[in-house]
Amino acid sequence: MAPLNKVIIDTDPGVDDILAMLLAFAAKPEELQVLLVSVTFGNVDVQSCLRNVVSLFYVIEKEMRWRAENGREEGFEALKAFKPLVAVGPAEPLADQMMMADYFRGLGLPSQGFEDGG
């Protein structure tokens, strides 16, 4: 059965956006399909945004493996059923001055043991 809702997530992934993506990927596949995750600058630069999304997929894969090894439901059904594309958007505003908040929020995610503190 085709999903009832198909979405594109356009994000500058920090903690709040990562949580929203986790919820989307944990949905029932008949309810939601994430077609595309588009990362764009926002509070942090676009390369940090991309790194955060790649890190998210890495952590989800690790979590699913741990759950399987420990006899638990793997979860993330929508993600298992439909793998979204990941696209990198513009690195700066198309028509305004760039304003960043990396001085306040760092790279957008707390360290998960990845290189460069991400």
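Residues numbered from 1 in each chain as written. Predicted model: local features only at pLDDT ≥ 70, side-chain atom pairs only at ≥ 80, totals over all residues. Heavy atoms only, no water.

Chemist: When you look at the nonpolar core in this model, what are you seeing that I'm missing?
Modeler: Within the largest apolar cluster, 21 residues are counted, with the highest numbers of intra-cluster contacts made by Met-21, Phe-25, Val-34, Val-37 and Ile-60. Elements represented by at least two residues in this core include exactly α1 (15-25), β2 (32-39), α2 (46-69) and α3 (77-81). Ranked by residues supplied to this core, first place goes to α2 with six residues. Among all residues touching Ile-60, those that are not within four sequence positions of it are Leu-22, Phe-25, Phe-76 and Leu-79. (Core = buried A, V, L, I, M, F, W, Y, C linked by side-chain atoms within 4.5 Å. Buried < 20%, exposed > 50% of the residue type's maximum accessible area, 1.4 Å probe, protein only. Helix = DSSP H or I, 4+ residues; strand = E, 2+ residues; numbered from the N terminus. Contact = heavy atoms within 4.5 Å.)

Chemist: Explain α1 to me, please; I cannot follow it from the model alone.
Modeler: Three- or four-residue spacings in an α-helix give side chains the same orientation, since the helix completes a turn every 3.6 residues. Of all the residues in α1, the buried ones are Asp-17, Ile-18, Met-21, Ala-24 and Phe-25. Buried positions in α1, seen along its axis, are confined to an arc of 120 degrees and lie on one side of it. In α1, the exposed positions angled more than 90 degrees off the buried face are occupied by Leu-19 and Leu-23. Here the buried face of α1 lies against β1 (5-11), β2, α2 and α3. (Arc of directions from axis to C-beta.)

Chemist: I keep staring at the pattern of salt bridges and nothing clicks. Help me out?
Modeler: Proximity of charged atoms lets side chains of opposite charge pair with each other. Summed over all chains, the structure comprises four salt bridges. Glu-63 is the partner of Arg-67 in a salt bridge, and the nearest nitrogen-oxygen pair spans 2.8 Å. Of the two residues, Arg-67 and Glu-63 are both situated in helix α2; the distance of four residues between them amounts to about one turn of the helix. Residue classification places Arg-67 among the partly exposed residues on the basis of a relative accessible area of 24%. (Salt bridge = Lys/Arg side-chain N within 4 Å of Asp/Glu carboxyl O.)

Chemist: So what exactly am I meant to see when it comes to the packing of aromatic side chains here?
Modeler: Think of a pair of aromatic rings as described by two things: how far the centres are apart, and how the planes are tilted against each other in angle. Applying the stated rule across the entire model yields one aromatic pair. Between Phe-25 and Phe-57, the ring centres sit 5.6 Å apart and the planes meet at 35 degrees, which makes this aromatic pair tilted. Placement of Phe-25 in helix α1 and of Phe-57 in helix α2 is noted, with a sequence separation of 32 residues between them. For Phe-25, a relative accessible area of 1% gives the class buried. Classification of Phe-57 by relative accessible area gives partly exposed; the value is 22%. (Phe/Tyr/Trp six-rings, centres within 6.5 Å; stacked < 30°, edge-to-face > 60°.)

Chemist: Explanation requested: the environment of Asn-5 in the structure shown.
Modeler: Looking at where Asn-5 falls in the secondary structure, it is placed in strand β1. On a C-alpha basis, the gap between Asn-5 and Leu-32 in space is 4.8 Å, while along the polypeptide they are 27 residues apart. Ignoring anything within four residues of it in the chain, the contact list for Asn-5 reads Glu-31, Leu-32 and Gln-33.

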